[in-house]
Amino acid sequence: MQNLDKKVVTSEPNNKRKFSTRLQLFSTWGALAILVVFFSITSDKFLTVDNLLTVALQTSIIAIIAMGQTYVIITGGIDLSIGSNIALGGVVAALLMANGFSIPVSIVIALLVGLFVGTLNGTLIAYGKIPPFIVTLGAMSIIRGTAYVLTGGIPITNVPLEFSTFGMGRILKIPVPVIIMVILIAIFGFILAKTKLGRYIYAVGSNREAARLAGINIPTVLIAVYAISGFLAVWAGIIVAGRIISGQPAAGMGYELDAVAASVIGGASLFGGEGTILGTIAGAFVMGVLRNGLNLLNVSAFWQQIIIGAVIIGAVFLDTIRRR
């Protein structure tokens, strides 16, 4: 009887969390559906194949970096170095190609650089006991500065034309960045939802002391999530570099805020312990559809910033109420 009581006690919070997560997913995807219906009614250009592919293309970069940010936020952290990693990834790949390396080798090395930077961030946070905000804020400046040093402040433009495939190519009329996004969603969605690492990430974010007592290696988990964030940021950087066919040290500025916004709108809690990849993708598309629809309605870019900012604050406010 005592064991049964223990099971009831421990399962009740889990059931509440599952219900809360499903409710958040439903509300985010529901909000996305409402936006789609609204812009379909108000603009005859919105619900066309070309425009929907454009929305997916524009959203792909935010969705990719937001996945990495979601991993970090679930552990109760934040990664402010994502935008700088986008620039560094594109610059490293472009520099290597400009110096004779093949496109695949250049991309692999750039991705390894992203992993290294993320691992370094995670190590300082896990073992240095430095707050994630401070570590990644400092890293944001260091990484951006490194991109400028490597390029001398001048974009790297002498890259193979074939590299543009990663930013502008299409396969069966589907943009290559969208295909890359879908593959990464499948991989990192599976890792977070179905693997031991995913369970450990949620455990660390929900109750770090309980996770430690359960035998979870917390530093390893923290290093892993920041390494994943760096890896995904460089993928986004490769897409950006392919789109403009150059390595730009100024690329990715402000993208870290978009990543946080997409994660929070999608249900990731800044308090840690909650968030899903599906919710984050919905959050990214809410932002993408909102921007695209407002552009079609000729709404000023200044008003767009106000509206999107209000949506972000509203999402955090609702999350706070839900947790209470």
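Everything here concerns the structure above.
No experiment lies behind these values; they were computed from the predicted model shown.

Caption draft 1: Here's a closer look at the overall build of the chain. Within the chain one finds 13 helices and two strands. For 324 residues, the compact-globule formula gives about 20 Å, and the C-alpha radius of gyration of the chain, at 20 Å, lands near that figure. The principal-axis extent of the C-alpha atoms belonging to the chain is close to 70 × 50 × 35 Å. Each of the 324 residues in the chain was classed as buried or not, and the buried ones make up 49%. Of the roughly 15700 Å² that the chain leaves accessible, carbon and sulfur atoms contribute 70%. Each charge class in the chain was averaged separately, 21 positive and 11 negative side chains, and the resulting centres sit 7 Å apart.

Caption draft 2: Here's a closer look at the packing of helix α7 (residues 176-194) against helix α12 (residues 277-296). At a minimum axis distance of 9 Å, the contact between α7 and α12 shows a crossing angle of 145°. Packed against α7, whose contacting residues are M181, I185, F188, G189 and L192, the element α12 presents I277, I281 and F285 at the interface.

Caption draft 3: Inspection of empty space enclosed by the protein at higher detail. All chains considered together, the criterion is met by two cavities of 30 Å³ or more. In this model, the second largest cavity occupies a volume close to 30 Å³. Taken together, I86, A87, G90, G237, V240, A241, I244, S246, G247, Q248 and A251 form the lining of the second largest cavity. Contributions of two or more residues to the lining of the second largest cavity are made by α3 (82-98) and α10 (218-244). Classifying every residue of the lining of the second largest cavity by side-chain character gives six nonpolar, five polar and no charged.

Caption draft 4: How the structure looks around a nonpolar patch on the surface. Among the surface-exposed residues, F116, L120, L124, I130, F133, I134 and L137 lie close enough to one another that they form a single nonpolar patch of about 630 Å² accessible area. Every element with two or more residues in the nonpolar patch is listed here: α4 (103-127) and α5 (132-151). Within the secondary structure layout, L120 lies in helix α4.

Caption draft 5: Highlighting the packing of aromatic side chains. Under the defined criterion, the tally for this structure stands at five aromatic pairs. A centroid spacing of 5.9 Å and a plane angle of 40° characterise the contact between F39 and F46, whose relative ring orientation is tilted. For F39, a relative accessible area of 1% puts it in the buried group. Relative accessible area serves as the criterion here: at 1%, F46 is assigned to the buried category. Grouping aromatic residues by their ring pairs yields a cluster made of F38, F39 and F46.

Caption draft 6: Seen up close, the side chain of T276. Relative to the assigned elements, T276 resides in the loop between α11 (255-265) and α12. By relative accessible area, which is 17% here, T276 ends up buried. A polar side-chain atom of T276 sits 3.0 Å from the main-chain amide nitrogen of G279.

Caption draft 7: Structural detail: the pattern of salt bridges. Taken as a whole, this structure holds two salt bridges when the rule is applied. Between R212 and E209 there is a salt bridge; the shortest N-O distance is 2.4 Å. Remark: E209 and R212 occur in helix α9 (residues 208-213); sequence separation between them is three residues, near one turn of the helix. Residue class for E209 comes out partly exposed when judged on its relative accessible area of 42%. Across the pair R291 and D258 runs a salt bridge whose closest N-O atoms are separated by 3.3 Å. Placement of R291 in helix α12 and of D258 in helix α11 is noted, with a sequence separation of 33 residues between them. Taking relative accessible area as the criterion, R291 reaches 28% and is therefore assigned partly exposed.

Caption draft 8: Region of the structure containing the packing of α4 against α5. Where α4 contacts α5, the two axes come as close as 9 Å, and the packing angle between them is 145°. Between α4 and α5 lies a crossing of right-handed hand. From α4, V117, N121, L124 and I125 reach across to α5, where they touch P132, V135, T136, A139 and I143. Of the residues belonging to the contact of α4 with α5, the class tally is seven nonpolar, two polar and no charged.

Caption draft 9: Structural view of α5. Here α5 is 20 residues long and its end C-alpha atoms lie 28 Å apart, about the 28 Å a rise of 1.5 Å per residue gives. Among the residues of α5, those classed as buried are V135, T136, A139, I143, R144, A147 and T151. Down the axis of α5, the sector holding all buried residues measures 155°, keeping them to one side. Across α5 from its buried face, at more than 90 degrees, point the exposed residues S141, I142 and V149. Looking at the buried side of α5, the elements it contacts are α3, α4 and α10. One or two residues past the end of α5 sits G152, with phi positive at roughly 65°.

Quick notes on the rules
Residues numbered from 1 in each chain as written. Predicted model: local features only at pLDDT ≥ 70, side-chain atom pairs only at ≥ 80, totals over all residues. Heavy atoms only, no water. Helix = DSSP H or I, 4+ residues; strand = E, 2+ residues; numbered from the N terminus. Rg over C-alpha atoms; globule rule 2.2 N^0.38 Å. Buried < 20%, exposed > 50% of the residue type's maximum accessible area, 1.4 Å probe, protein only. Areas by Shrake-Rupley, 256 points an atom, 1.4 Å probe, with all protein chains shown as cover. Lys, Arg positive; Asp, Glu negative; His and termini not counted. Charge placed at Lys NZ, Arg CZ, Asp CG, Glu CD. Axes fitted to C-alpha atoms, helices over the stretch in contact; angles between N-to-C directions. Contact = heavy atoms within 4.5 Å. 1 Å grid on protein atoms, 1.4 Å probe; cavity = no way out; pocket = protein on both sides within 12 Å on 5 of 7 lines; lining within 4 Å. Points joined across faces, edges and corners; volume = space filled by probe spheres on them. Nonpolar A, V, L, I, M, F, W, Y, C, P; charged D, E, K, R; others polar. Patch = residues over 30% accessible without salt bridge, like charges linked within 9 Å, V, L, I, M, F, W, Y side chains within 5 Å. Salt bridge = Lys/Arg side-chain N within 4 Å of Asp/Glu carboxyl O. Phe/Tyr/Trp six-rings, centres within 6.5 Å; stacked < 30°, edge-to-face > 60°. Polar contact = N/O pair within 3.5 Å; in protein donor to acceptor, adjacent residues only side chain to side chain. Left-handed = near helix turned anticlockwise from the far one by under 90°. Expected span 1.5 Å × (residues − 1). Arc of directions from axis to C-beta.

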